[in-house]
Amino acid sequence: MKSFLALFLLIPFFSYSNENVITKIEVDDFWKQLKEIRETKYGIDEVWEKNIDYCSDWSERIALSKDEGFIMSNLVAYTNVCMDTLSKMDEMINLENN
């Protein structure tokens, strides 16, 4: 849940608009900035980094499959769904193990 909340807290700090991002490099730079800001704010969390890498890649593939291009608001929305799903899966596994 922390990762989901952190994603919501950090998004306003970025200066990307809802226009199509011209290059994949700009999208990669966005995800890199997100990781750096989160690390500065909360410290190193390797699990969160793996999850954000997975979810950011997943969101980009979803956007491209829908022919939306790299619209940051869509990428962030898809990533939030993915991160929330992973968080709920973790909670379920923890409940089953206790």
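Residues numbered from 1 in each chain as written. Predicted model: local features only at pLDDT ≥ 70, side-chain atom pairs only at ≥ 80, totals over all residues. Heavy atoms only, no water.

(A) Up close: the overall build of the protein. Broken down by element type, the protein carries 4 helices and 0 strands. For the protein, the α and β elements follow one another from N to C terminus as α-α-α-α. Taken across its 98 residues, the protein has 34% of its residues classed as buried. Within the protein, counting contacts between residues at least 6 apart in sequence, those at least 24 apart form 62% of the total. (Helix = DSSP H or I, 4+ residues; strand = E, 2+ residues; numbered from the N terminus. Buried < 20%, exposed > 50% of the residue type's maximum accessible area, 1.4 Å probe, protein only. Contact = heavy atoms within 4.5 Å.)

(B) Representation of the nonpolar core within the structure. Judged by nonpolar contacts, the single largest core of 16 residues is most densely connected at Val27, Trp31, Ile52 and Leu75. The element that contributes the greatest number of residues to this core is helix 4 (residues 72-97), accounting for 7 residues. Contacts of Trp31, omitting those with residues within four sequence positions, involve Ile52, Ser56, Ser59, Glu60, Leu75 and Thr79. (Core = buried A, V, L, I, M, F, W, Y, C linked by side-chain atoms within 4.5 Å.)

(C) Representation of the packing of helix 3 (residues 46-65) against helix 4 within the structure. Taken N-terminus to C-terminus, the directions of helix 3 and helix 4 make an angle of 135 degrees; their axes are 8 Å apart at the nearest point. Judged by the inter-axis angle, helix 3 sits oblique to helix 4. As for the relative orientation of helix 3 and helix 4, their crossing is right-handed in sense. Across the interface between the two elements, Trp48, Asn51, Ile52, Tyr54, Cys55, Ser56, Trp58, Ser59, Glu60, Ile62 and Ala63 of helix 3 pack against Leu75, Tyr78, Thr79, Cys82, Met83 and Leu86 of helix 4. (Axes fitted to C-alpha atoms, helices over the stretch in contact; angles between N-to-C directions. Parallel < 35°, antiparallel > 145°, perpendicular 65-115°, else oblique. Left-handed = near helix turned anticlockwise from the far one by under 90°.)

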